[in-house]
Amino acid sequence: MPFLSGNIMHSEPIKNIVIVGGGTAGWMTGAALANKLPKNAYNICLIESDAIGTVGVGESTLPHIKQFNESLGIDEREFIQATNATIKLGIQFKNWGKINDEYMHPFSEIGHVTQGIDFHHYWLKSKAMGENVSLDDYSVVAMAAKARRFAPPNQNKQSMLSSYAYSYHIDATAYAAYLRQYAEKKAVKRIEGKVTDIIKADDNGFIDSVILDNGEKVAADLFIDCSGFSALLIEKSLNIPFTDWSHWLPTDSAVVVQSERDIDLNPYTIATARSAGWQWQIPLQHRMGNGHVYSRSYVSDEDAFDTLMSSLPGKAITEPRILRFKAGCREKAWHKNCVAIGLSSGFLEPLESTSIFLIQIAITKLIEFFPNKDFHQAAITQYNQTMSHHYIQIRNFIILHYHATQRNDSDFWHYCREMSIPDELQHLLSLFKEGGRVDRTQFGIWPAVCIGQGVIPEQYDARIDNLPYDKIQQYMNNYRMQVQHAVNTLPSIDNYLRQVMKSI
Amino acid sequence: MTVSTQHTQAIENIVIIGGDVNGWVAAMGLARGLQGQKVNIFLIEQDSQYYDEPAFINASSHIFDFHRTMGVNDKYLLSNGHAKLTCATRYKNWLSDSSNHYVGNNTFLPAFNGIALHHLTAFCQSAVNSDYSYAAQIAIQNKRIPELNYRKEAFGSFNTGMTLNTQEYKKFLRGAALHLGVKVLGSSLKAVEQDINSGFIKTIVLDNSQRLPVDLVIDNSGADSKIMKNLLNVNYHDSSGTPNFNTLLTIKREGNKPTIDTSKVGAYTSITANNHGWLEDVSISGTNYFRQSCFSTANNIDTVKEAFLTNISPFLSDKTNIIEQRIRYGQSSQFFHRNCIVIGGAAGYYDSPSISNLILTQRAVTRLLALFPSKACFNSTINEYNRLTTKDYNEARDFLMLHAYLASTNDKTTYPWAKTQSDLSANLQQTIALFQCYGRFEDQLNAMIISPTWINLLSMCCRKTASYEPLLAAFSGKDVSRFLAKIKHIINERVTSLPKI
């Protein structure tokens, strides 16, 4: 391939890419690379073994997945059908601040900035004046979710129904299968086999090739480690350590089971705090995903199992499985010619449905910093910095959920309340606690979570006291009515999904 | 859930110390943002003697964000000739002697199969970036900048900066501020009284014995600031890294007579590099201005002035007309401390060719309104304000330093004030290293300076090791050239049809 410039030295482009591991991480990567990289310039292989199970959970997603699918040209309806998906408007958190508390963490800001002041300050003022209305009531998304109604956002920017996002609950295994079909159509070669050995180059320690259980040797220029917790390449071969965050996030196990869904379909995930962890309920079209995340130091496997099984919304339809994990992050996601994507690069419990999101970011950034054979350190450093930043931001947000509690009914919650937290989180928490201020570059809707868990600012924006209270009352009442009115115009989630499943 | 009953009061009295343009930006901005609140804003004007005010400001497009937020009608300034729109910058003698490089205020450039334009021009080594910039061509061809609705096209979009007559802009803001209820204090600051326990400034005492209770002090009294530095002992860090300019030399000449470059009428700001620093030349309010940033001491000031005159001769020869002003690159170690906030020269100074120091003040005021404290000035608010403002100042410093680094890449001349890579911050070094490998630049969330602006400058800095997106190698050079030729043609067609200035 001739370069037009004579006097600039360019190293060769990468030709062969090998992805080790299937599952969501592997096939998302394979599909995205096959779609993005210029045709015929790259060979992409994915090595997976039917004998190795995938984690097989991770069903709740974030709105970013829409962009991912769109960039691959995947039709939304087709996607919903293929993955038995339902719509997700947010997560409802129960019993986190206190037992019997509940709040919605919606996919949108709550209320509107008014006269330069964030909406929740008006809510705080109302509260101080004796009003007892939940913050949820001012969120079109939260109210729609609770009323089991949904339509995609309105294109008209003036509408109350224009500024929210939504995502899906999906069958992750079906999603991987769907992406596999997509990728194979775009010439991604699937190789059945288990990696038994890894050959590294003598001179620079780069991975040269992997050896499979059938003796086959697969060489490549770039390796993507999607081998899950095993981290065959990034850890076992390249020895990149795992930074342990379990002192901040002590849960280390999850017992999971699929059940029938004998209750109405809710367009939101439910996360109910338990004595030493929490339980998820994720509705798909054909079943309910259930899981109890817990810490073995505080509750036994048997008790955790009982808690889960005694609170299913329908009969169990799979064998319950136990997964073990440790919260943390690979020190470097990209080292030499190996990029770890998915569980091999880090793990954070799915409290805010971030696993697939982190995979998506990793893939987007890999494409953004796509190397040639030089594997320039500057790009690798930038990639690692960015991935680390995302992991840490999300980690801090999850710690917030555990730490910002008034629960003291178990040793686990006592630990969470008393533990020292990362400095950055301390700063953000103080920022909200003292004056109700929010850093909007953070992940998630902080006023929803903080207020939802009982972190009430000591002082609302003092300028609000200069506004006549009857005007504020009027504004709040009107707003609430507008929210209700807007929600009532939406179809039921059942009708919406019925319509989606009917087409095509 | 019950709300904590701790209640602190709303701020009632704000005093701004120092009435240069930064002071009036703060006055107008706060008055507007706090309209309808029971807040009294005072400005001590006479302390203006403690800092130097440049004759003109080349403000970046951020100024429009500020004006929009504040409801400022800048059309008045534009129609009176006291402000001018620009859509490009001309770098003269930066890359090699007598070279002219035009850089458009691009916000969007067309991509080739998802690959950004600067990769394409690096790929086709002979391609000149300004050929593919709508904004640069408008400036080069001396055309009038189209109306707002016509600055966004498929073949490129751009924003505009604004060159301002500082005194006129200040008058304008002052008028608006007074109209909004800001009160001018004619007397100077004599003393302050602090609260024994908190150290907060409680009372301002003026030379005429007037005493003012104060809840929030905006200290705009220069780098050797009266309150923040001298009373509250918060240090100002002179920047050791930046080019060690400490002087601005300005000459003005009334009337629109020819300047050094008689063809220069285009809508661009002009920066010429020379041995002493850089030279800006501007026409505004029917006046020509020449301004040299440089380093001077008592010993060399005459030499520096001679060189200045030589650079702008033969139109001017009288060196007694030169206005000399001092600048201090650097920033305060804290921007908000106790109940005092620094702005303007007291906060820091990192004026660079396309991002003016004014912008830092305007962003600070907007930020202050968003985080507006109560009388208690919580630590968390102070920390957050400092964190965000430090980010801005660091970014401005890095942008300035990138200019100093650019000067070091000059093919012919070694500028003594140029900086090498090792002089730059670690962050900036990483940014350059990343760009050097495959022309990459990562968007930062909420950055003050948008990525096309960084990419413009980085492209110039890294032009000798022009590296580009590896994915581009899969496409034929012919296709890329064809794409570029098409863009160039479309832009040219459009620009040709625009009226001249």
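In this text, all values refer to a predicted model and were calculated from it rather than measured experimentally.

1. Some remarks on the overall build of chain B
Part 1 of the argument: Of the regular secondary structure elements, chain B holds twelve helices and 25 strands.
Part 2 of the argument: Rg of the C-alpha trace for chain B: 24 Å, near the compact-globule value of 23 Å for 501 residues, within the 12% margin.
Part 3 of the argument: By the burial criterion, 60% of the 501 residues in chain B qualify as buried.
Part 4 of the argument: Put simply, of all contacts in chain B between residues at least 6 apart along the chain, 77% involve residues at least 24 apart.
Part 5 of the argument: Only carbon and sulfur atoms are counted for the fraction: they give 49% of the accessible area of chain B, which is about 19,700 Å².
Part 6 of the argument: Chain B carries 47 positive and 40 negative side-chain charges, and their two centres are separated by 4 Å.

2. A short note on the overall build of chain A
Part 1 of the argument: Scanning chain A from N- to C-terminus turns up 15 helices and 21 strands.
Part 2 of the argument: In terms of overall size, chain A behaves like a compact globule, its C-alpha atoms giving a radius of gyration of 24 Å where 504 residues would be expected to give roughly 23 Å.
Part 3 of the argument: Its C-alpha atoms put chain A at 75 × 60 × 50 Å along the principal axes.
Part 4 of the argument: Across the 504 residues of chain A, 61% fall into the buried class.
Part 5 of the argument: Excluding contacts between residues fewer than 6 apart, the proportion of contacts in chain A whose partners are at least 24 apart in sequence is 77%.
Part 6 of the argument: Here chain A contributes 47 positive and 54 negative side-chain charges, whose respective centroids are spaced 5 Å apart.

3. Focus on the packing of helix H1 (residues 21–33) of chain B against helix H8 (residues 357–370) of chain B
Residue and element names in this part refer to chain B.
Part 1 of the argument: At a closest axis distance of 10 Å, the pairing of H1 and H8 adopts a crossing angle of 25 degrees. Between H1 and H8, the angle falls in the class roughly parallel. Crossing angle aside, the handedness with which H1 passes H8 is right-handed. In this structure, H1 uses Val21, Asn22, Val25, Ala26, Gly29, Leu30 and Gly33 to contact H8, whose residues at the interface are Leu358, Thr361, Gln362, Val365, Leu368 and Leu369.
Part 2 of the argument: In the contact of H1 with H8, the residues fall into eight nonpolar, five polar and no charged.

4. Examining the sheet that holds strand E5 (residues 102–106) of chain A
Residue and element names in this part refer to chain A.
Part 1 of the argument: With respect to topology, seven strands assemble into an open sheet ordered E5-E4-E14-E15-E16-E13-E17, the strand pairing being mixed. Two strands close off the open sheet at either side, each with one partner strand: E5 and strand E17 (321–324). Recorded for the sheet is a direction-independent mean angle of 20 degrees between the axes of neighbouring strands.
Part 2 of the argument: Sheet analysis places strand E4 (residues 90–94) next to strand E14 (residues 269–274), joined by four bridges and oriented parallel. Each bridged residue has a counterpart across the sheet, and for Lys94 the counterpart in E14 is Thr272.
Part 3 of the argument: Along the sheet, helix H8 (residues 301–309) contacts strand E13 (253–259), E14, strand E15 (277–283), strand E16 (288–294) and E17; its crossing angle with E16, the most-contacted strand, is approximately 150 degrees.

5. Thoughts on the environment of A:Val20
All names here are of chain A.
Part 1 of the argument: Inspection of the secondary structure assignment puts Val20 in strand E1 (residues 16–20).
Part 2 of the argument: Taking C-alpha positions, Val20 is 8.5 Å from Leu232, a pair spaced 212 residues apart along the chain.
Part 3 of the argument: Contact partners of Val20, with chain neighbours within four places excluded, come to Ile47, Val195, Ile224, Asp225, Cys226, Ser227, Leu232 and Leu233.

6. Describing the confidence of the model for chain B
Residues and elements named next belong to chain B.
Part 1 of the argument: Mean pLDDT over chain B works out to 90, with 94% of the residues at or above the 70 mark.
Part 2 of the argument: Every residue in residues 1–6 is under pLDDT 50, and counting partners more than four places away or in other chains gives 13 contacts.
Part 3 of the argument: This complex was scored by the predictor with a pTM of 0.93 and an ipTM of 0.91.

7. Some thoughts on the sheet that holds strand E8 (residues 195–200) of chain A
All names here are of chain A.
Part 1 of the argument: Pairing in this open sheet of three strands is antiparallel, and the strands run E8-E9-E10 from one edge to the other. The sheet is open, and its two edges are formed by E8 and strand E10 (217–219), each paired on a single side. On average, each strand axis in the sheet is inclined to that of its neighbour by 25 degrees, with strand direction left out of account.
Part 2 of the argument: Judged from the three bridges that link them, strand E9 (residues 207–212) and E10 form a sheet pairing that is antiparallel. Across the sheet, the residue bridging to Ile211 is Lys217, located in E10.

8. Focus: the pattern of salt bridges
Part 1 of the argument: Using the criterion set out here, one finds 48 salt bridges over all chains in the structure.
Part 2 of the argument: Among the ionic pairs, B:Arg367 bridges to B:Asp392, the shortest N-O distance being 2.7 Å. Here B:Arg367 is found in helix H8, whereas its partner B:Asp392 is found in helix H9 (residues 379–407), with 25 residues between them in sequence.
Part 3 of the argument: Connected through salt bridges with shared partners, the residues A:Glu48, A:Asp50, A:Arg180, A:Glu184, A:Arg190 and A:Glu192 form a single ionic network.

9. Focus on the confidence of the model for chain A
Part 1 of the argument: Put simply, chain A has an average pLDDT of 94, and 97% of its residues get 70 or more.
Part 2 of the argument: Ignoring residues within four places in sequence, the model shows residues 1–9 of chain A, a span with pLDDT below 50, making 17 contacts including any to other chains.

10. Overview of the interface of chain B and chain A
Part 1 of the argument: Facing the 52 residues of chain B at the interface are 50 residues of chain A.
Part 2 of the argument: Here chain B packs against chain A, burying approximately 4,400 Å² in sum over the two surfaces, 57% of which is carbon and sulfur.
Part 3 of the argument: Between the two partners, chain B and chain A, sit two salt bridges.
Part 4 of the argument: The salt bridge involving B:Arg387 is made with A:Asp439; its shortest N-O contact spans 3.1 Å.
Part 5 of the argument: At the boundary of chain B with chain A, the tally comes to 19 residue pairs in polar contact (both at pLDDT 80 or more).
Part 6 of the argument: Those elements giving two or more residues to the side of chain B that touches chain A turn out to be H8, H9, helix H10 (426–436) and helix H12 (477–497) of chain B.
Part 7 of the argument: Ranked by residue count, the leading element in the side of chain B that touches chain A is H9(B), at six residues.
Part 8 of the argument: The class makeup of the residues in the side of chain B that touches chain A is 24 nonpolar, 21 polar and seven charged.

11. Side note on the packing of aromatic side chains
Residue and element names in this part refer to chain B.
Part 1 of the argument: As enumerated under the stated definition, the model contains 50 aromatic pairs over all chains in all.
Part 2 of the argument: Centre to centre, the rings of Phe112 and Phe475 are 5.2 Å apart; their planes meet at 70 degrees, and the pair counts as edge-to-face. Within this pair, whereas Phe112 is found in the loop between strand E7 (106–108) and helix H4 (117–123), its partner Phe475 is found in the loop between helix H11 (451–461) and H12, the two being separated by 363 residues in sequence.
Part 3 of the argument: On the basis of relative accessibility, which here comes to 9%, the residue Phe112 falls in the buried class.

12. Considerations on the packing of H9(B) against H10(B)
Residues and elements named next belong to chain B.
Part 1 of the argument: The contact between H9 and H10 brings their axes to 10 Å, and the two run at 60 degrees. Comparing their axes, H10 and H9 come out oblique. Crossing hand, H9 versus H10: right-handed. Facing H9, whose interface residues are Asp398, Met401, Leu402 and Tyr405, H10 presents Asn427, Leu428, Ile432 and Gln436.
Part 2 of the argument: Residues that form the contact of H9 with H10 fall into these classes: five nonpolar, two polar and one charged.

13. Remarks on the environment of B:Gly344
Residues and elements named next belong to chain B.
Part 1 of the argument: Note that Gly344 resides in the loop between strand E24 (340–342) and strand E25 (348–349).
Part 2 of the argument: Given a relative accessible area of 0%, Gly344 falls into the buried group.
Part 3 of the argument: C-alpha separation for the pair Gly344 and Val21, spaced 323 residues apart in sequence, amounts to 8.5 Å.
Part 4 of the argument: With residues up to four places along the chain from it excluded, the contact list for Gly344 reads Asn22, Asn220, Asn357, Thr361 and Tyr393.

14. Side note on the pairing of E16(A)
Residue and element names in this part refer to chain A.
Part 1 of the argument: For E16, the tally of buried residues reaches seven of seven residues, placing the bulk of the element in the interior.
Part 2 of the argument: With burial as the criterion, each face of E16 is covered, one bearing Met288, Asn290, His292 and Tyr294 and the other bearing Gly289, Gly291 and Val293.
Part 3 of the argument: Note that E13 and E16 share seven bridges and pair antiparallel. If you follow Val257 over to E16, its bridge partner there is Asn290.
Part 4 of the argument: Sheet topology note: the E15/E16 ladder contains seven bridges and is antiparallel. When the sheet's bridge partners are listed, Trp278 is paired in E16 with Val293.

15. Remarks on helix H11 (residues 411–418) of chain A
All names here are of chain A.
Part 1 of the argument: Those residues of H11 that sit buried are Phe412, Trp413 and Cys416. Take H11 and look down its axis: the buried residues cluster within an arc of 95 degrees, on one side only. Exposed residues lying more than 90 degrees from the buried face of H11 are Asp411 and Glu418.
Part 2 of the argument: Tucked inside the fold, the buried residues of H11 contact E14, E15 and helix H10 (377–403).

16. Quick word on the side chain of B:Asn165
Residue and element names in this part refer to chain B.
Part 1 of the argument: In this fold, Asn165 is placed in strand E10 (residues 161–165).
Part 2 of the argument: For Asn165, a relative accessible area of 9% gives the class buried.
Part 3 of the argument: Contact partners of Asn165, with chain neighbours within four places excluded, come to Ala55, His82, Ile284, Ser285 and Tyr289.

Each value, and the rule that gives it
Residues numbered from 1 in each chain as written. Chains lettered and ligands numbered in written order. Predicted model: local features only at pLDDT ≥ 70, side-chain atom pairs only at ≥ 80, totals over all residues. Heavy atoms only, no water. Helix = DSSP H or I, 4+ residues; strand = E, 2+ residues; numbered from the N terminus. Rg over C-alpha atoms; globule rule 2.2 N^0.38 Å. Buried < 20%, exposed > 50% of the residue type's maximum accessible area, 1.4 Å probe, protein only. Contact = heavy atoms within 4.5 Å. Areas by Shrake-Rupley, 256 points an atom, 1.4 Å probe, with all protein chains shown as cover. Lys, Arg positive; Asp, Glu negative; His and termini not counted. Charge placed at Lys NZ, Arg CZ, Asp CG, Glu CD. Axes fitted to C-alpha atoms, helices over the stretch in contact; angles between N-to-C directions. Parallel < 35°, antiparallel > 145°, perpendicular 65-115°, else oblique. Left-handed = near helix turned anticlockwise from the far one by under 90°. Nonpolar A, V, L, I, M, F, W, Y, C, P; charged D, E, K, R; others polar. Pairing = 2+ DSSP bridges. pLDDT = per-residue confidence, 0-100. Salt bridge = Lys/Arg side-chain N within 4 Å of Asp/Glu carboxyl O. Buried area = accessible area lost by both parts, 1.4 Å probe. Polar contact = N/O pair within 3.5 Å; in protein donor to acceptor, adjacent residues only side chain to side chain. Phe/Tyr/Trp six-rings, centres within 6.5 Å; stacked < 30°, edge-to-face > 60°. Arc of directions from axis to C-beta.

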